[in-house]
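As a plain string of letters, each chain reads:
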Amino acid sequence: MEEKLKQQPTNIIKIVLFGPESTGKTTLSKQLARHYNTVWAPEYAREYLQNKWNNERKTCENSDLLPIAIGQMKLENELAKKADKVLICDTDLLETKVYSEEYYGGFVDPVLDEAAKFNTYDLYFLTYIDTPWEKDDLRDRPDQREEMFNAFENALKKYNRPYILLKGDKKTRLEIAIKEIDKLLKSKPGLQSFSDELTD
């Protein structure tokens, strides 16, 4: 497999916020990172595609997905070294794979496809479409939210990924997510931590 798409081994819990655009993933990523006093890995695609739009007035093309995937994994691997027990990921390569399939007639670059199946995470939070649609330069499917949501859920089921569906307002989602992450933390003692000296 492409070395740049591999996860580096770490002794932390990795959580993925997963789901269609404009479903509150970034907001929740920031909230969870703050709650656990750790870092979160933003969606590299946003920076990459915003730059492309600003410079070329072009949206995402098929050829962009592999560079996006490589940038995402570089970010994740760098931040995993700085995470305190938990790394919150605003996306993963499986999400990139789903977008590729949905936007490009089922096509996924074989290298991306393999990495998306190979990389593993402790838990996915699948964000439901009961949040208001917020328009920006990159979002483009306000009328296909249900179809996209189903594609994301089907991918989690197909590849047997552990996931929790998050619905409701921000407060409800945060409470559910914290409860589930706390369970994982209890089940995995001895994780990489930088805050041992801060505990009571």
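What counts, and at which threshold
Residues numbered from 1 in each chain as written. Predicted model: local features only at pLDDT ≥ 70, side-chain atom pairs only at ≥ 80, totals over all residues. Heavy atoms only, no water. Pairing = 2+ DSSP bridges. Helix = DSSP H or I, 4+ residues; strand = E, 2+ residues; numbered from the N terminus. Contact = heavy atoms within 4.5 Å. Axes fitted to C-alpha atoms, helices over the stretch in contact; angles between N-to-C directions. Parallel < 35°, antiparallel > 145°, perpendicular 65-115°, else oblique. Left-handed = near helix turned anticlockwise from the far one by under 90°. Nonpolar A, V, L, I, M, F, W, Y, C, P; charged D, E, K, R; others polar.

Visitor: I tried to follow the sheet that holds strand β3 (residues 86–89) on my own but got confused; where do I start?
Guide: Whenever strands of a sheet pair, they do so through backbone hydrogen bonds, lying parallel or antiparallel. Judged by pairing direction, the sheet is parallel, and its five strands sit side by side in the order β2-β3-β1-β4-β5 without closing on themselves. With one partner strand each, in any of the chains shown, β2 (40–41) and β5 (163–166) form the two edges of the open sheet. Both β2 and β3 contribute to a ladder of two bridges, which runs parallel. Paired with alanine 41 across the two strands is cysteine 89, which belongs to β3. In this fold helix α6 (residues 145–158) packs onto β1 (13–18), β4 (123–127) and β5, with an angle of close to 160° to the strand it touches most, β4.

Visitor: Would you take a moment to explain the packing of helix α1 (residues 25–35) against helix α7 (residues 170–187) for this structure?
Guide: When two helices pack together, their arrangement is given by the angle between their axes and by how far apart the axes lie. Between α1 and α7, the least distance of the axes is 10 Å, while the angle of their chain directions is 50°. With respect to α7, the element α1 is oriented oblique. Here α1 runs over α7; the crossing is right-handed. From α1, Thr27, Leu28, Gln31, Leu32 and His35 reach across to α7, where they touch Lys170, Arg173, Leu174, Ala177, Ile178 and Ile181.

Visitor: Looking at this structure, how should I read the packing of helix α3 (residues 65–80) against helix α4 (residues 93–103)?
Guide: In contact at an axis separation of 10 Å, α3 and α4 are set at 165° when each is read in the N-to-C sense. Relative to α4, α3 is oriented roughly antiparallel. For α3 against α4, the interelement crossing comes out right-handed. Two secondary-structure elements touch here, α3 through Leu65, Ala69, Gln72 and Met73 and α4 through Leu93, Thr96 and Ser100. The residue inventory of the contact of α3 with α4, partitioned by class, reads four nonpolar, three polar and no charged.

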